[in-house]
Amino acid sequence: AQSVAQPEDQVNVAEGNPLTVKCTYSVSGNPYLFWYVQYPNRGLQFLLKYITGDNLVKGSYGFEAEFNKSQTSFHLKKPSALVSDSALYFCAVRDSRWNTDKLIFGTGTRLQVFP
Amino acid sequence: DVKVTQSSRYLVKRTGEKVFLECVQDMDHENMFWYRQDPGLGLRLIYFSYDVKMKEKGDIPEGYSVSREKKERFSLILESASTNQTSMYLCASSFPGANTGELFFGEGSRLTVL
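Residues numbered from 1 in each chain as written. Chains lettered and ligands numbered in written order. Predicted model: local features only at pLDDT ≥ 70, side-chain atom pairs only at ≥ 80, totals over all residues. Heavy atoms only, no water.

J.: Before we move on, could you go through the overall build of chain A and cite the residues and values that matter?
T.: Secondary structure assignment for chain A yields 0 helices and 12 strands. Going from N to C terminus, chain A has its helices and strands arranged as β-β-β-β-β-β-β-β-β-β-β-β. A compact globule built from 115 residues would reach a C-alpha radius of gyration of about 13 Å, and chain A, at 14 Å, matches this within 12%. Its C-alpha atoms give chain A principal-axis dimensions of roughly 45 × 30 × 25 Å. For chain A, buried positions account for 48% of its 115 residues. Counting contacts in chain A only where the partners sit at least 6 residues apart, residues at least 24 apart contribute 55% of the total. If you sum the accessible surface of chain A, you get close to 5500 Å²; carbon and sulfur atoms cover 48% of it. The distance from the centre of the 11 positive side-chain charges to the centre of the 9 negative ones in chain A is 5 Å. (Helix = DSSP H or I, 4+ residues; strand = E, 2+ residues; numbered from the N terminus. Rg over C-alpha atoms; globule rule 2.2 N^0.38 Å. Buried < 20%, exposed > 50% of the residue type's maximum accessible area, 1.4 Å probe, protein only. Contact = heavy atoms within 4.5 Å. Areas by Shrake-Rupley, 256 points an atom, 1.4 Å probe, with all protein chains shown as cover. Lys, Arg positive; Asp, Glu negative; His and termini not counted. Charge placed at Lys NZ, Arg CZ, Asp CG, Glu CD.)

J.: So what's going on with the packing of aromatic side chains? Which residues, and what values?
T.: The final tally for this structure, using the stated rule, is 15 aromatic pairs over all chains. Ring centres of Phe95(B) and Phe104(B) lie 5.4 Å apart, and the angle between their planes is 85°; this geometry places the pair in the edge-to-face category. Phe104(B) gets classed as partly exposed once you look at its relative accessible area, which sits at 24%. Members of the aromatic cluster, connected to one another through ring pairs, are Tyr36(A), Phe46(A), Phe90(A), Phe105(A), Phe33(B), Tyr35(B), Phe48(B) and Phe105(B). (Phe/Tyr/Trp six-rings, centres within 6.5 Å; stacked < 30°, edge-to-face > 60°.)

Below you can see the structure in the form of structure tokens.
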């Protein structure tokens, strides 16, 4: 079965420090991996994706993610956190059983950036 | 910009009522989705549709049905609401044929069933 796991319910970081939000995946075949962000009382917004190519993927708002095939991970990173980055972050994998954009989401990690 | 509009941000219904959640997108997307979001469980797919009048069950379709009579509109129906359907419901759509996984989400509909 295909799945993603986000092992941390919450990540706390001081403003200006680097941040990492972890995600591991389990898929058959090549993974299509995604990160989405949800600000309070809002829908989800696409941040970035890995389909193929460079293992380091750059996305919106200064975020990047590193695809690591040997560790089956796709961690979200940012060199310098902002208070405004505080939100709920979801990792997702495309369900390869369907030739469509059906995504399987993780349980989410709440990022809290303190001033 | 792509806009996905969910008709109601907040609803309160009673057990046994029939509930309609409406979603409209304005970018001619073929794919549309209904997810529910619960703390600690993330997003779980209820139903999706890849064309008008086409629908496929997701991971948790029990107690729900959907309707897609027009390309821009995807409705989620709770035939007889129950308290365990209290949740945040998110509609999403994606570009036709791209299969990129870039979903565009609405703001969500928070349903409380008493």
